[in-house]
Amino acid sequence: MTKYREGYDFYRQICEKHGLEPINFHYYMLNLSQEQLDAYNERAKTLGGPIEYEVS
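Residues numbered from 1 in each chain as written. Predicted model: local features only at pLDDT ≥ 70, side-chain atom pairs only at ≥ 80, totals over all residues. Heavy atoms only, no water.

**Here's the deal with the overall build of the protein chain**
Stage number 1. Each helix and strand counted, the protein chain has three helices and zero strands in total.
Stage number 2. Counted from the first residue to the last, the protein chain has its helices and strands arranged as α-α-α.
Stage number 3. For the protein chain, with 56 residues in total, the buried portion stands at 23%.
Stage number 4. For the protein chain, the share of sequence-separated contacts (at least 6 apart) that also reach a separation of at least 24 residues comes to 37%.
Stage number 5. Summed over its atoms, the accessible surface of the protein chain is roughly 4400 Å², and 53% of this surface lies on carbon and sulfur atoms. (Helix = DSSP H or I, 4+ residues; strand = E, 2+ residues; numbered from the N terminus. Buried < 20%, exposed > 50% of the residue type's maximum accessible area, 1.4 Å probe, protein only. Contact = heavy atoms within 4.5 Å. Areas by Shrake-Rupley, 256 points an atom, 1.4 Å probe, with all protein chains shown as cover.)

Right, dumping it as structure tokens:
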């Protein structure tokens, strides 16, 4: 769960950077598909992010 929390924190930072209101953690976890996580992982890698996630 720690990895997901780190991902959520990264997501919140990006939302805030772009003036967007982030969704809450519970909703974030319930609504991410593997495709979305894969896209996030690829984007994080291009930005130098060390975090990777998968739906369990």
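From this point, the discussion proceeds with the structure in view.
**Structural notes on the pattern of salt bridges**
Stage number 1. This structure, assessed with the given rule, holds two salt bridges.
Stage number 2. Between Arg 12 and Asp 9 there is a salt bridge, and its shortest N-O distance comes to 3.6 Å. Here Asp 9 and Arg 12 lie together in helix α1 (residues 2–17), a separation of three residues that amounts to about one turn.
Stage number 3. With a relative accessible area of 31%, Arg 12 lands in the partly exposed category.
Stage number 4. Through salt bridges with shared partners, one network takes in Asp 9, Arg 12 and Glu 16. (Salt bridge = Lys/Arg side-chain N within 4 Å of Asp/Glu carboxyl O.)

**A closer look at the packing of aromatic side chains**
Stage number 1. One pass over the full model with this rule turns up five aromatic pairs.
Stage number 2. Ring geometry for Tyr 8 versus Tyr 11: centroids 5.8 Å apart, planes at 40°, classification tilted. With Tyr 8 and Tyr 11 both in helix α1, this residue pair falls three residues apart, about one helical turn.
Stage number 3. Counting every residue linked through ring pairs, the aromatic cluster contains Tyr 8, Tyr 11, Phe 25 and Tyr 28. (Phe/Tyr/Trp six-rings, centres within 6.5 Å; stacked < 30°, edge-to-face > 60°.)

**Description of the environment of Tyr 40**
Stage number 1. For Tyr 40, the location among the structural elements is in helix α3 (residues 34–46).
Stage number 2. For the pair Tyr 40 and Gly 7, spaced 33 residues apart in the sequence, the C-alpha separation amounts to 9.1 Å.

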